[in-house]
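Descriptive structure summary
Residue strings, one per chain:
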Amino acid sequence: MKTEKEILGIIRKKRISKSLSQNEFSEQIGLSQSAYSKLENGTTSLTIQQLNAILIALDIPQEELFVSDDLEKRKNFRNLLKMSEELIEFKENKIKNLEVELEKLRNKKAPLD
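An account of the accompanying structure is given in this report. (Residues numbered from 1 in each chain as written. Predicted model: local features only at pLDDT ≥ 70, side-chain atom pairs only at ≥ 80, totals over all residues. Heavy atoms only, no water.)

Notes on the pattern of salt bridges
What counts is decided by this rule: Should a side-chain nitrogen of Lys or Arg be within 4 Å of a carboxyl oxygen of Asp or Glu, the pair is scored as a salt bridge. Working definition: helices are DSSP H or I runs of at least four residues, strands are E runs of at least two. Numbering for both runs from the N terminus. Exposed residues in this analysis have more than 50% of their type's maximum accessible area, buried residues have under 20%, and partly exposed residues fall in between, with area computed by a 1.4 Å probe over protein chains only.
Under the defined criterion, the tally for this structure stands at three salt bridges. A salt bridge links R12 to E40, with the shortest nitrogen-to-oxygen separation between them at 3.8 Å. Placement of R12 in helix α1 (residues 4-17) and of E40 in helix α3 (residues 33-40) is noted, with a sequence separation of 28 residues between them. Given the relative accessible area of 43%, R12 is considered partly exposed.

Put into structure tokens, the structure is as follows:
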């Protein structure tokens, strides 16, 4: 289940994507702009009735608020892990190349005893 902050973020993004100001949207759902602002910012809690009115007005399916983003998080984690492995491999190759160059320099500049 998503956190309240995530739910409020979804609501805000959807409202903005529909080019609605807080004032315009609050009128649609029967709230003052001030009351809606407090809801959207998490200052006051949503009632079930308010949440339902918001979901209907913004055409947000209820499932969207309750389905976890675990799959997306796992996908992002796998991508991050792959990138980390590639970076490690790149750095290891860079180190090997520098070691070869260092050895060449040492062999060129053999001490004169």
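As for the nonpolar core
Rule in force here: Among buried residues, the Ala, Val, Leu, Ile, Met, Phe, Trp, Tyr and Cys ones that are joined through side-chain atoms within 4.5 Å form a nonpolar core. Should any heavy atoms of two residues lie within 4.5 Å, those residues are considered in contact.
I11, F25, Y36, I54, L58, I60 and L65 are the most contacted members of the largest nonpolar core, which has 15 residues in total. At the level of elements, α1, α3 and α4 (48-58) are the ones that each hand at least two residues to this core. For this core, the element with the most residues is α4, which contributes four residues. Setting aside its immediate chain neighbours within four residues, L58 contacts I11, K14, R15, K18, L20 and F25.

Digging into the packing of α1 against α3
The criterion, for reference: Axis angles are defined between N-to-C directions and span 0 to 180 degrees, where every axis is a line fitted to C-alpha atoms and, for a helix, only to the segment in contact. Our angle categories are set so that under 35 degrees counts as roughly parallel, over 145 as roughly antiparallel, 65 to 115 as roughly perpendicular, and the remainder as oblique. Residue type decides the class: Asp, Glu, Lys and Arg count as charged, Ala, Val, Leu, Ile, Met, Phe, Trp, Tyr, Cys and Pro as nonpolar, and the leftover types, Gly among them, as polar.
Running from amino to carboxyl end, α1 crosses α3 at an angle of 130°, the nearest separation of the two axes being 9 Å. Taken as axis vectors, α1 and α3 run oblique relative to one another. Across the interface between the two elements, L8, I11, R12 and R15 of α1 pack against Y36, L39 and E40 of α3. Residue classes in the contact of α1 with α3 are distributed as four nonpolar, no polar and three charged.

Focus: the environment of K38
Considering the arrangement of structural elements, one finds K38 in helix α3. In this structure, the C-alpha to C-alpha distance between K38 and E89, residues 51 residues apart in sequence, is 49 Å. Discounting residues that sit within four places of it in the chain, K38 has contacts with T43 and T44.

With respect to α3
What sets the pattern is the α-helix's 3.6 residues per turn: residues three or four places apart point alike. Here is the rule we go by: As used here, the arc belongs to the directions running from the helix axis to the C-beta atoms.
Buried within α3 we find Y36, S37, L39 and E40. Along the axis of α3, the buried residues cluster in a sector spanning 160°; they form a single face. Residues of α3 that are buried in the fold lie against α1, α2 (22-28) and α4. Once α3 ends, the next one or two residues include G42, with phi positive near 80°.

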